[in-house]
Amino acid sequence: WGGLYPRESASREVKSLDGLWNFRLSPLLDAEKGFREEWYAQPLSKSGPVISMAVPSSYNDITQDKDLRDHIGWAWYDRLFYVPTRWQTDKQRVVLRLGSAHYNSIIYVNGHSLTSHEGGHLPIMADITTKLVYGKENLVTVAINNTLTPETIPQGTIVEHNDPSRYPPGYFAQSYNFDFTNYAGIHRPVYIYTTPQTFIEDILITTDINGANGVITYNVTHGNTMIGPSRSGEVGCSMKLLDIEGDHVTSAMGCQGTIVVTNASLWWPYLMSENPGYMYTLLVAVSDAEGNLDLYPHKVGIRTLGWNSTTLTINSKPLYLRGCGKHEDADIRGKGVDYALIVKDFSLLKWLGANSFRTSHYPYAEEIMDMADKEGIMIIDESPAVGLSGFDEALMNKHISVMQELVQRDKNRPSVIMWSVGNEPKSNQAPALNYFSEVVNSTKAFDPTRPVTCVLAVDKHSDLAVCKFVVFFSKVVSATKSADPSRPVTCVLNKPKEKEYAASSLDVILVNRYYSWYGDTGHLEVIKMQTITEFSEWHLLHNKPVMISEYGAGSLPGYHMDPAWTWSEEYQAELMIRNFEAFDELRSKGYFVGEMIWNFADFSTPQGHTRPGGNRKGIFTRSRQPKMAAHVLRYRYHNLANDTLTN
Ligand code: E9O
């Protein structure tokens, strides 16, 4: 399950397999062809024509081929590589690791099927030590299928069109219940790395603060390839803690323990300290009686989190999140990791004065998470469960194991301040009650140190809304009764009462609301009132901190209209300003813990008549240039950051 990110150390070598791979699609109407013909048994170029494909990248937007852009089904990648013969002489264990591949993948080395993985946003790893050949080329093959079904997370549907008078034979289309493009491919870096035969398997780190001191609690697990399961008696661990300059702070012995850091430098978010994102390095060493020594440098940010019915805290200070929803999205590369884009996006976040973002709607690349740790940008870490419905047990179990994989990957990151189990589930269905309580409680069991949320969009339990009408109806009913006390009085309700079933399981309530965009379109004047009503009711109902996790409007850059008109830059900006008025009032009530605009940048969506060139709710264009909205937000976020009440 992911394991530690491949990092070099005095005992570990890391080799990148990124670059140009060979690539071929399976024919749309013969999905199994590659398996039947064993395309993995030899280089792909021997079983048919190939093109070059960039890794990491989505394959969809990289060529002029529409069939490649719109492909549904299997895609095949391969490349040849050498491994240094000293790895064999030194009896190194060798691991292959893909940061992610979307959605389903099967990995082969030299024709051996090694591992398969379901889910497009979390790492895949396999021990390839015994599959390698030395002194000649090795072959790695990856088969990827992007098909989404009601059983996958996220869900999708394959629509088969069987009318021969309207569609060609076998015609089908993929649909899904979210608006971003289901990009596919090897999206993140591919590495092979070595460890000694006794190796550091995993490290769990939690931190606490005691006066001026930091307390680091660690637990190192280790493995061994040669001798089999348990030799822990002979294996020893030692720790060295280095400061941000790499200077020695303190040391400890033992595979579990605590380290006290006197006068610790804490991990603070951006603009909450002169020195945000401070991280120590814990240099972990594991050695055995045979002289194997494995070293792994792990970053540690010392901070605490707290939450109650009104407040989120970091290092005991109340937090107000000012951020945005994002996507991994850019032209040409789709969802492929791109270091230039990462630097640009964090530069823009800091320019805005933002202190946080949500990894809407799936776990982001570890390279992005590393940057968040380093820059002090707080993360709401979201699972790929977007728009779920049909809450059966099989889906629940899958969802729980995705949460486990996500926690496993990101558990030590100081930037991660909350887990989000999903976005906009159809949680007005009764089975959602048990479903979310199980998923949330399991997540809490995997990690008791962080609050858990789920981003909601359906109407809340509408008792309160009904209440307002109760006054009206009680008057009409009692007037009727007094006019005729001899008969019962009723009123035929045409709608069963809506309920929201997930919120009761959450620590913090996050809600997406689009007043004057999806409802009351064009009526900017209702935003303030509706937003205040909505969010104060959520708090009243559940007695938990609440925040707005999405609000916004689409705008076409360069399209101006005053007075504001939908899709103009003015409309987007004014909609935000009206929201700010509501947020400020809600903040003064003491339970409103944050605001996140939707979206950081315009992003790609499937073609559709409500999406002109994609979702245009970005405050930056897709190429990361500011719209008027970005300047408005920048002004607000810097003011909020300076406002000591919120700091
Ligand atoms: C999820 C996000 O990924 N929330 C959506 C965003 C959007 O721009 C999407 O990009 O559409 C908003 C959901 C709003 C719910 C109200 C829907 C009313 C439909 C008529």
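Use the structure listed above.
Residues numbered from 1 in each chain as written. Predicted model: local features only at pLDDT ≥ 70, side-chain atom pairs only at ≥ 80, totals over all residues. Heavy atoms only, no water.

## Points about a negative patch on the surface
Negative charge collects at one region of the surface, where Glu 151, Asp 392, Glu 393 and Glu 438 lie side by side. In this fold, Glu 151 is placed in the loop between strand E9 (138-145) and strand E10 (156-160). The class of Glu 151 is exposed, set by a relative accessible area of 52%. (Patch = residues over 30% accessible without salt bridge, like charges linked within 9 Å, V, L, I, M, F, W, Y side chains within 5 Å. Areas by Shrake-Rupley, 256 points an atom, 1.4 Å probe, with all protein chains shown as cover. Salt bridge = Lys/Arg side-chain N within 4 Å of Asp/Glu carboxyl O. Lys, Arg positive; Asp, Glu negative; His and termini not counted. Charge placed at Lys NZ, Arg CZ, Asp CG, Glu CD. Helix = DSSP H or I, 4+ residues; strand = E, 2+ residues; numbered from the N terminus. Buried < 20%, exposed > 50% of the residue type's maximum accessible area, 1.4 Å probe, protein only.)

## Structural notes on the sheet that holds strand E16 (residues 248-253)
On the basis of which strands lie adjacent, the open sheet formed by four strands has the order E16-E15-E18-E19 and antiparallel pairing. Two strands bound the open sheet, and with one partner strand each, they are E16 and strand E19 (293-300). Neighbouring strand axes in the sheet, compared pairwise and without regard to direction, differ in orientation by 20° on average. In this structure, strand E15 (residues 236-242) lies alongside E16, joined through five bridges in antiparallel fashion. Looking at the pairing, Lys 240 lines up with Ser 251 of E16. (Pairing = 2+ DSSP bridges. Axes fitted to C-alpha atoms, helices over the stretch in contact; angles between N-to-C directions.)

## What about the state of the cysteines?
Per the stated rule, a full pass over the model turns up one disulfide. Across a sulfur-sulfur distance of 1.9 Å, Cys 237 and Cys 255 are joined as a disulfide pair. Taking the sign of the torsion about the S-S bond as the criterion, the disulfide between Cys 237 and Cys 255, at about 85°, is right-handed. Separated by 18 residues along the polypeptide, Cys 237 in strand E15 and Cys 255 in the loop between E16 and strand E17 (256-261) bring together distant segments of the chain. Overall, Cys 237 belongs to the buried group, its relative accessible area being 4%. (Disulfide = S-S within 2.5 Å.)

## Side note on the pairing of strand E12 (residues 190-195)
Counting buried positions along E12 yields six of six residues, so the element is predominantly enclosed. Both strand E1 (residues 14-16) and E12 contribute to a ladder of three bridges, which runs antiparallel. Looking at the pairing, Ser 16 lines up with Tyr 191 of E12. Note: strand E5 (residues 93-98) against E12, six bridges, orientation antiparallel. Bridging from a neighbouring strand, Arg 93 pairs with Thr 195 of E12.

## Section: the site of the ligand
All residues in the neighbourhood of the ligand are listed as Asp 179, His 361, Asn 423, Glu 424, Tyr 514, Tyr 518, Glu 550, Trp 598, Phe 603, Arg 611, Asn 615 and Lys 617. Measuring from an oxygen atom of the ligand, one finds a side-chain N or O atom of Asp 179 at 2.8 Å. Take Asn 615: an N or O atom from its side chain is 3.0 Å from an oxygen atom of the ligand. Its free accessible area being 510 Å², the ligand has 67% of it covered by the protein chains. Grouping the amino acids of the shell around the ligand by side-chain chemistry returns four nonpolar, three polar and five charged. (Near = heavy atom within 4 Å. Polar contact = N/O pair within 3.5 Å; in protein donor to acceptor, adjacent residues only side chain to side chain. Nonpolar A, V, L, I, M, F, W, Y, C, P; charged D, E, K, R; others polar.)

## A closer look at the pairing of strand E2 (residues 19-25)
The sheet contact formed by E2 and strand E3 (residues 51-55) spans five bridges and is antiparallel. In the sheet register, Trp 21 faces E3, and the bridge partner there is Met 53. With four bridges joining them, E2 and strand E4 (residues 74-81) adopt antiparallel strand pairing. Across the sheet, the residue bridging to Leu 25 is Ala 75, located in E4.

## Quick notes on the side chain of Arg 303
Its location among the elements puts Arg 303 in the loop between E19 and strand E20 (305-307). No salt bridge is formed by the buried Arg 303, whose closest oppositely charged neighbour, Asp 447, lies at an N-O distance of 7.1 Å. There is a polar contact of 3.0 Å between the side chain of Arg 303 and the backbone oxygen of Val 416. Once you skip the residues sitting within four places of it in the chain, Arg 303 turns out to touch Thr 207, Ile 209, Trp 267, Ile 314, Asn 315, Arg 413, Pro 414, Val 416 and Arg 450. (Contact = heavy atoms within 4.5 Å.)

## A closer look at helix H11 (residues 569-589)
A rise of 1.5 Å per residue sets the reference length of H11, with its 21 residues, at 30 Å; its end C-alpha atoms lie 31 Å apart and thus fit the reference within 8%. Immediately beyond the C-terminal end of H11, within one or two residues, lies Gly 590, with a positive phi of roughly 95°. (Expected span 1.5 Å × (residues − 1).)

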